[in-house]
Amino acid sequence: EPALLFDGRGGHDGAWACRLALEPRLILEVRNRAADPSQVMKPIDAVVARRRVAGGPGGTGVAVLCAYEAFAPRSRPSANACEILALEVDGAVAFPVGGPPVAAGRSGIVERAALDLARRGPLAAAPAGPALAAGPPRTSLGREAYLGAVSRVKAHIARGDVYQANLTQRFDAPFDADPWALYRAIAKASPAPRSAYVEVPGLALASASPEMFV
């Protein structure tokens, strides 16, 4: 089943509140898109517009996740399994620092879950085994390609096209352990003001982000 946790306990005044969604529903999933990127926002806009009409208490709504590649033009589908997810949340429990859990929702299940989580805490479940990669990482940009990209960036800077650039590469490694255990290990080792954990069938995201963008 889908799971969604926003976890800002390792942050500062700008951190988001620790909030656990209760039984979120997967309402939009875009995989292997090969369409014009200008069309990407249309299904998201439709989801948000419907939810805005439906309303709901604070702490509920729609959470949308977009991969970096979701807005890039391409002539063939992406290699990534999933580019966009939207989860609808009708019940949530917030964990204020130094205070009792606060429930938001329309049914008794929200209050019961809040009482249960007040006793156990949002991260009480024990990790299921070690959260380690099962093999060495692979990079999307080899050494020669990376050095060539650095040279191109320096040339753009010299021409005055840009004054800084974010030159990134992707690292992939096989992983066959419990993704929730991975998130708990990351959150313990590097608490961040905007950590998040999301899991749907076929995809899990364990993020420890210090920035507004995840």
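Residues numbered from 1 in each chain as written. Predicted model: local features only at pLDDT ≥ 70, side-chain atom pairs only at ≥ 80, totals over all residues. Heavy atoms only, no water.

Trainee: I would appreciate a short explanation of the overall build of the protein in the present structure.
Mentor: The helix and strand inventory of the protein stands at four helices and 11 strands. Nonlocal contacts in the protein, meaning residues at least 24 apart in sequence, comprise 64% of its contacts between residues at least 6 apart. (Helix = DSSP H or I, 4+ residues; strand = E, 2+ residues; numbered from the N terminus. Contact = heavy atoms within 4.5 Å.)

Trainee: Would you explain the pairing of strand 1 (residues 3–7) in this entry?
Mentor: Regular strands show a simple pattern: their side chains alternate between the two faces of the sheet. One ladder, built from five bridges, connects strand 1 with strand 10 (residues 194–200); its direction is antiparallel. Paired with D7 across the bridge in strand 10 is S195. Pairing between strand 1 and strand 2 (residues 18–21): two bridges, direction antiparallel. Within strand 2, the residue paired with L5 across the bridge is L20. (Pairing = 2+ DSSP bridges.)

Trainee: Help me understand the confidence of the model for the protein, please; the structure alone is not making it clear to me.
Mentor: Low-pLDDT portions of the prediction should not be read for the details of their coordinates. Of all residues in the protein, 77% have pLDDT values of 70 or greater, and the mean over the chain is 81. Of all the helices and strands in the protein, helix 2 (residues 108–120) carries the lowest mean pLDDT, 64, while helix 3 (residues 143–159) carries the highest, 96. (pLDDT = per-residue confidence, 0-100.)

Trainee: It is not clear to me how the sheet that holds strand 11 (residues 203–209) should be interpreted in this structure. Could you clarify?
Mentor: What holds strands together in a sheet is hydrogen bonding between their backbones, with the strands either parallel or antiparallel. Pairing in this open sheet of six strands is antiparallel, and the strands run 7-6-2-1-10-11 from one edge to the other. With partners counted over all chains shown, the strands left at the sheet margins are strand 7 (102–104) and strand 11, one partner each. In this sheet, adjacent strand axes meet at a mean angle of 10 degrees when their direction is disregarded. (Axes fitted to C-alpha atoms, helices over the stretch in contact; angles between N-to-C directions.)

Trainee: Mind showing me how you'd approach the pattern of salt bridges here?
Mentor: Any two side chains of opposite charge can pair, given that their charged atoms come close. Here the structure, examined in full by the defined rule, presents seven salt bridges. Taking the shortest distance from any N to any O, the salt bridge between E88 and R51 comes out at 3.0 Å. Taken together, the residues span a long stretch of sequence, with E88 in strand 5 (residues 84–89) and R51 in helix 1 (residues 41–54) at a distance of 37 residues. Take E88 and R51: they sit in the same class, and that class is buried. Across the pair D90 and R51 runs a salt bridge whose closest N-O atoms are separated by 2.7 Å. One end of the pair, D90, is in the loop between strand 5 and strand 6 (92–95); the other, R51, is in helix 1, with 39 residues separating them in the sequence. (Salt bridge = Lys/Arg side-chain N within 4 Å of Asp/Glu carboxyl O. Buried < 20%, exposed > 50% of the residue type's maximum accessible area, 1.4 Å probe, protein only.)

Trainee: Quick question: what am I supposed to make of a nonpolar patch on the surface here?
Mentor: Together, Y146, L147 and L167 give the surface a local cluster of nonpolar side chains, amounting to about 220 Å² of exposed area. Relative to the helices and strands, L167 resides in the loop between helix 3 and strand 9 (171–172). Looking at L167, the relative accessible area reads 31%, which means it is partly exposed. (Patch = residues over 30% accessible without salt bridge, like charges linked within 9 Å, V, L, I, M, F, W, Y side chains within 5 Å. Areas by Shrake-Rupley, 256 points an atom, 1.4 Å probe, with all protein chains shown as cover.)

Trainee: Got a minute to help me understand helix 3 in this structure?
Mentor: Side chains of residues three or four places apart in an α-helix project in the same direction, reflecting 3.6 residues per turn. Over its 17 residues, helix 3 extends 25 Å from the first C-alpha to the last, a length consistent with the 24 Å expected when each residue adds 1.5 Å. Just downstream of helix 3, G160 is the residue with a positive phi angle, here 85 degrees. (Expected span 1.5 Å × (residues − 1).)

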